[in-house]
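Observations on the three-dimensional arrangement
So the chains spell out like this:
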Amino acid sequence: MAIAVRYLEDVAVGDDLPSLVKEIGMARMMAYGAATWDFIRIHYDADYVRERGFENPFVDGQMLGAFLTQQVQDWAGPDAFLRKLSFRNRVMVYPGDSLTCFGTVTAVALEEEGGMVDCDLWVENQRGEKVVGPASARVRLPVRP
């Protein structure tokens, strides 16, 4: 299945990015730790984290940035380039949580480097709490030939 290219001309301020849902489980958390060589015990060892006053192991905050990156890249298409991503983690995320990534286009411009699109992003858990935000992305999109 070919993935469609998204062009600058197809994007407008106010457009919503498709939401991205991620279910958080220990297997996903451990796989992320293995992929990033981040084996800090607070992300997988229940006894260790309880001894330190936490209820459960919790998600590595950078994993949430990876989810936002996936959301933007999936929307932007294969010819896009994520130029900048910034985000702020606000609420702890635990195994069993369900996260939804949201985004809205806030600026569209043709610049020397090509088409630039700015987006506001955020992530909510199953209780509607904003676990990430504010967050933003700048992505370069191709311009129609």
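Residues numbered from 1 in each chain as written. Predicted model: local features only at pLDDT ≥ 70, side-chain atom pairs only at ≥ 80, totals over all residues. Heavy atoms only, no water.

Moving on, we come to a nonpolar patch on the surface. Taken together, Met 30, Trp 37, Phe 39 and Tyr 44 make up a surface patch of nonpolar side chains, about 520 Å² in accessible area. With respect to the helices and strands, the residue Trp 37 is situated in the loop between α1 (26–36) and α2 (46–51). (Patch = residues over 30% accessible without salt bridge, like charges linked within 9 Å, V, L, I, M, F, W, Y side chains within 5 Å. Areas by Shrake-Rupley, 256 points an atom, 1.4 Å probe, with all protein chains shown as cover. Salt bridge = Lys/Arg side-chain N within 4 Å of Asp/Glu carboxyl O. Helix = DSSP H or I, 4+ residues; strand = E, 2+ residues; numbered from the N terminus.)

Right, let's talk about the pattern of salt bridges for a bit. Side chains carrying opposite charge are able to pair once their charged atoms draw close together. Scanning the entire structure with this criterion turns up seven salt bridges. Between Arg 50 and Asp 47 there is a salt bridge; the shortest N-O distance is 3.9 Å. Of the two residues, Arg 50 and Asp 47 are both situated in helix α2; the distance of three residues between them amounts to about one turn of the helix. For Asp 47, a relative accessible area of 53% corresponds to the exposed category. (Buried < 20%, exposed > 50% of the residue type's maximum accessible area, 1.4 Å probe, protein only.)

For the rest of this paragraph, the subject is the nonpolar core. The nonpolar side chains of soluble globular proteins are, as a tendency, buried together. Ranked by size, the top nonpolar core spans 31 residues in total, and within it Trp 75, Leu 99, Val 117, Leu 121 and Leu 141 carry the most contacts. For this core, the elements supplying multiple residues, two or more each, are β1 (16–23), α1, α3 (61–76), β3 (98–111), β4 (114–124) and β5 (130–141). (Core = buried A, V, L, I, M, F, W, Y, C linked by side-chain atoms within 4.5 Å.)

Let us look at the packing of aromatic side chains. Given two aromatic rings, one states the distance between the centres and the angle between the planes to describe the pair. One pass over the full model with this rule turns up one aromatic pair. Note on Phe 102 and Trp 122: the rings are 5.6 Å apart at their centroids and 20° apart in plane angle, and the pair reads as stacked. Note that Phe 102 is positioned in strand β3 and Trp 122 in strand β4, a separation of 20 residues in sequence. We classify Phe 102 as partly exposed; its relative accessible area is 26%. A relative accessible area of 22% places Trp 122 in the partly exposed class. Across from the ring centre of Tyr 48, 3.7 Å away, lies the NZ or CZ of Arg 52, which sits over that ring. (Phe/Tyr/Trp six-rings, centres within 6.5 Å; stacked < 30°, edge-to-face > 60°. Lys NZ or Arg CZ within 6 Å of the ring centre and 35° of its normal.)

The subject of this paragraph is the side chain of Gln 71. As for its placement among the helices and strands, Gln 71 is situated in helix α3. By relative accessible area, which is 3% here, Gln 71 ends up buried. Those residues in contact with Gln 71, other than ones at most four positions away along the chain, are Leu 17, Pro 18, Ser 19, Leu 20, Cys 101, Phe 102, Gly 103 and Leu 121. (Contact = heavy atoms within 4.5 Å.)

Either a parallel or an antiparallel arrangement is found when strands of a sheet pair, and the pairing is made through backbone hydrogen bonds. Taken in spatial order, the five strands of this open sheet run β1-β3-β4-β5-β2, and their pairing is antiparallel. At either margin of the open sheet sits one strand with a lone partner, and together these are β1 and β2 (81–89). Adjacent strand axes in the sheet meet at a mean angle of 20°, parallel and antiparallel pairs treated alike. On the sheet, α3 packs against β1, β2, β3, β4 and β5 and is oriented at approximately 140° with respect to β2. (Pairing = 2+ DSSP bridges. Axes fitted to C-alpha atoms, helices over the stretch in contact; angles between N-to-C directions.)

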